[in-house]
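As a plain string of letters, each chain reads:
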2 protein chains.
Amino acid sequence: MSLLERLSFNQITADPWSLEQVVRNCVENNFPYVAAWRHKLDGDAAKASALIRSADLRVSSLCRGGWFSAPTADERRQRITDNRIAIEQAAQLEAPVLVIVSGPANGQTLEDARATVLDGLLEVLPDAEKAGVILGIEPLHPMYAAERSVVVTLKQANDIAEQLASPYAQVVVDVFHVWWDPDVMQQIERARGRIAGFHVSDWPVPLPGILMGRAMMGDGVIELRRLREAVDAAGYGGPIEVEIFNDEIWKNADDSLMKLIQQRFIEHV
Amino acid sequence: MSLLERLSFNQITADPWSLEQVVRNCVENNFPYVAAWRHKLDGDAAKASALIRSADLRVSSLCRGGWFSAPTADERRQRITDNRIAIEQAAQLEAPVLVIVSGPANGQTLEDARATVLDGLLEVLPDAEKAGVILGIEPLHPMYAAERSVVVTLKQANDIAEQLASPYAQVVVDVFHVWWDPDVMQQIERARGRIAGFHVSDWPVPLPGILMGRAMMGDGVIELRRLREAVDAAGYGGPIEVEIFNDEIWKNADDSLMKLIQQRFIEHV
């Protein structure tokens, strides 16, 4: 099986494109998978699902659930409700995985916020099980600890998944978030049987910005092939998402982007 | 003993100031310690040392040695030589600690670069022992992994110090670099007996930049007191350095900076 058969286009890589454009470009360029973001479904997951399936594309994941921590109990309840909606949307899209970004501490201490994440996942796990949607716990790079995710290492994601002890609680490995970690290889091996996704991009030097700093594969220092082979060796054979937040790519996104992704994917992943 | 008796002014916090200005401001404001940077000694550590000692100030540390990894064997030799010079300068300044920033991979793989760091430290450790200067291995935040330090967690620094097995190989804990780490409390406890320094600043939200993003204590989300108490509980009673890289502070640095540091130090550290 060619690696290209695992290639998934994460729609955030070309943020200016409508879902229609994303689907058309994927089909014209033989991408088998697309990854969707909730805020880009125009509130209508059923319609998005019909569009994607009519094009014979598969959805690799839906981004995102999580964001559990909040200053008040009321707000934390709202987050749970929102996660239930996200699980439903993932099911409608036939996305096997809902990516979980845990959220920042939001006024809690780090320790309390981390406990809130675990509690939140425990609460929505039965919904995920019922819907047949895997909660894919994605650790984010520690530079996002204050603003996006109190879950910052694959070890932590593995610990949480272990505590949840369900085939519907797994982890997502994104190279941009984990490449620096001295324990990453060991934690990938530990994740055997519960890897729900693998995302690629690159870390350019110098990093141009905190949120929009990701680069095309090959334009940075991440040992992409080594990480992909480690994930494969740990038993993961599913889709590989290309997920790049980069202002230049967003500005210049045209059909050539799809060809460039395929070329770099083959060369570097 | 008041916490202020442990306060050290890291001269990079007011980068525009000459060493003379730093020393004068420390004395006038009763700071007992100052922390020095090599590139601000004007190549004359003996003269700097005389200036500092004539003011009855103590040096908490010299920054920095390390930066071991390089693309060629020749360059790696030069780095060793440079570390020997740094150790000598620390001894001249009567700095008990030379802060070690390991450096980026510089064209090596992460694994090789990390081995190079350990090899480099092993090679210069006898010089440090002879000079009576502690090598203080400082893990940097993982967002600096590509550009400044392949040592990114306190666990890694502890592992290295353990392997070096000398009272002259210890670790430095900087809150900005370690606050996000789910293992930080456990690793601080593990560092008992080999903590050579404690540095404070804060992590503002949003973070304005990668290098210059640090904030004054109290202007961010780091649980400063909790970390300081953990370090104290692990037996550290030495100087606490205020080390802030922040454009606004640099631009506006005047005597009021020293008062603000003292106030925030008392309130938040």
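Residues numbered from 1 in each chain as written. Chains lettered and ligands numbered in written order. Predicted model: local features only at pLDDT ≥ 70, side-chain atom pairs only at ≥ 80, totals over all residues. Heavy atoms only, no water.

> Just checking my understanding: could you explain helix 3 (residues 73-92) of chain A for this structure?
Residues and elements named next belong to chain A. Under the 1.5 Å per step criterion, the end-to-end length of helix 3 is 29 Å for 20 residues, consistent within 8% with the ideal 28 Å. When helix 3 is considered as a whole, its buried residues turn out to be Ile80, Asn83, Ala86, Ile87, Gln89 and Ala90. The secondary structure elements touched by the buried residues of helix 3 are helix 2 (45-54), strand 3 (58-66), strand 4 (97-101), helix 4 (110-131) and strand 5 (134-137). Glutamate 94 lies just past helix 3 and shows a positive phi near 55 degrees. (Helix = DSSP H or I, 4+ residues; strand = E, 2+ residues; numbered from the N terminus. Expected span 1.5 Å × (residues − 1). Buried < 20%, exposed > 50% of the residue type's maximum accessible area, 1.4 Å probe, protein only. Contact = heavy atoms within 4.5 Å.)

> What am I meant to see in the sheet that holds strand 8 (residues 240-242) of chain A here?
Backbone hydrogen bonds are what pair the strands of a sheet, in a parallel or an antiparallel way. Strand order in the closed barrel formed by eight strands is 1-2-3-4-5-6-7-8 (chain A), and the pairing between neighbours is parallel. Sheet twist, expressed as the mean angle between neighbouring strand axes with direction ignored, is 30 degrees. (Pairing = 2+ DSSP bridges. Axes fitted to C-alpha atoms, helices over the stretch in contact; angles between N-to-C directions.)

> How do you make sense of the environment of arginine 84 of chain B when you look at a structure like this?
Residues and elements named next belong to chain B. Along the chain, the position of arginine 84 falls in helix 3 (residues 73-92). Each C-alpha atom of the pair arginine 84 and alanine 233 lies 33 Å from the other, and the pair is 149 residues apart in sequence. Among all residues touching arginine 84, those that are not within four sequence positions of it are Arg77, Glu123, Val124 and Asp127. Engagement of the side chain of arginine 84 in a polar contact is seen with the backbone oxygen of glutamate 123, the distance being 3.4 Å. (Polar contact = N/O pair within 3.5 Å; in protein donor to acceptor, adjacent residues only side chain to side chain.)

> Any chance you could explain the side chain of asparagine 10 of chain A here in plain terms?
Residues and elements named next belong to chain A. For asparagine 10, the location among the structural elements is in strand 1 (residues 7-10). You can call asparagine 10 buried: its relative accessible area is 1%. Ignoring any residue separated from it by four or fewer positions in sequence, one finds asparagine 10 in contact with Ala35, Trp37, Glu241, Val242 and Glu243.

> In this structure, what is going on with the sheet that holds strand 2 (residues 33-37) of chain B? I would like to understand it.
Residues and elements named next belong to chain B. The sheet built from eight strands closes into a barrel, its strands ordered 1-2-3-4-5-6-7-8 with parallel pairing. Taking each pair of neighbouring strands and ignoring which way they run, the sheet shows an average axis angle of 30 degrees. Bridge count between strand 1 (residues 7-10) and strand 2: three bridges; the pairing is parallel. Considered in strand 2, the bridge of serine 8 is made with tyrosine 33. Each of strand 4 (97-101), strand 5 (134-137) and strand 6 (169-174) touches helix 4 (residues 110-131); the most contacted strand, strand 5, lies at about 145 degrees to it.

> How should I be thinking about the pattern of salt bridges in this particular structure?
In a structure, side chains of opposite charge can pair up when their charged atoms sit close to one another. Summed over all chains, the structure comprises 36 salt bridges over all chains. Here aspartate 219 of chain A and arginine 264 of chain A are joined by a salt bridge, their closest N and O atoms 3.0 Å apart. Here aspartate 219 of chain A is found in the loop between strand 7 (195-200) and helix 8 (224-233), whereas its partner arginine 264 of chain A is found in helix 10 (residues 256-268), with 45 residues between them in sequence. Aspartate 219 of chain A gets classed as partly exposed once you look at its relative accessible area, which sits at 41%. Looking at arginine 264 of chain A, the relative accessible area reads 17%, which means it is buried. Two residues, aspartate 82 of chain B and arginine 38 of chain B, come together in a salt bridge whose shortest N-O distance is 3.0 Å. One end of the pair, aspartate 82 of chain B, is in helix 3; the other, arginine 38 of chain B, is in the loop between strand 2 and helix 2 (45-54), and 44 residues separate them in sequence. The buried category is assigned to arginine 38 of chain B, whose relative accessible area is 17%. Each of Lys155, Asp159, Glu162, Arg190 and Arg194 of chain A takes part in salt bridges that share partners, so that together they form one network. (Salt bridge = Lys/Arg side-chain N within 4 Å of Asp/Glu carboxyl O.)

> Would you take a moment to explain the confidence of the model for chain A for this structure?
Detailed reading of predicted coordinates is not advised where the pLDDT is low. Of the residues in chain A, 100% have a pLDDT of 70 or more, and the chain-wide mean is 96. Two numbers describe this predicted complex: its pTM, 0.97, and its ipTM, 0.96. (pLDDT = per-residue confidence, 0-100.)

> Before we go on, may I ask you to explain the relation of the copies chain A and chain B in this structure?
Laying chain A over chain B is done by rotating through 180 degrees and shifting 0.0 Å along the axis; what remains is an RMSD of 0.0 Å. Viewed as a symmetry operation, the transformation between the two copies matches a two-fold axis. Looking at the rotation axis and the C-alpha trace of chain A, the residue lying nearest is methionine 143 of chain A, at 3.0 Å. Of all interface residues in chain A, 100% are interface residues in chain B too; the two copies therefore contact each other through one and the same surface. (Least-squares fit on C-alpha atoms with pLDDT ≥ 70 in both.)

> Would you explain the state of the cysteines in this entry?
Here is the idea: a disulfide is a covalent bond, and it sits between the sulfur atoms of two cysteines. All names here are of chain B. Inspection of the entire model under this criterion finds zero disulfides over all chains. Cysteine 26 carries a free sulfur, and the closest cysteine sulfur to it, the one in cysteine 63, is 16 Å from it. Taking the relative accessible area as the measure of exposure, cysteine 26 reaches 0% and is therefore buried. (Disulfide = S-S within 2.5 Å.)

> It is not clear to me how the interface of chain A and chain B should be interpreted in this structure. Could you clarify?
Taken residue by residue, the interface counts 28 residues in chain A and 28 residues in chain B. Here chain A and chain B share an interface that buries about 2,200 Å² over both sides, 66% of which is from carbon and sulfur atoms. Taken together, the connections running from chain A to chain B amount to two salt bridges. A salt bridge links arginine 226 of chain B to glutamate 111 of chain A, with the shortest nitrogen-to-oxygen separation between them at 2.9 Å. Our enumeration of links across chain A and chain B arrives at eight residue pairs in polar contact (both at pLDDT 80 or more). Of all the secondary-structure elements, those providing two or more residues to the side of chain A that touches chain B are helix 4 and helix 5 (154-164) of chain A. Considering each element in turn, the side of chain A that touches chain B owes the most residues, three residues, to helix 4 of chain A. In terms of residue class, the side of chain A that touches chain B is built from 15 nonpolar, five polar and eight charged. (Buried area = accessible area lost by both parts, 1.4 Å probe. Nonpolar A, V, L, I, M, F, W, Y, C, P; charged D, E, K, R; others polar.)

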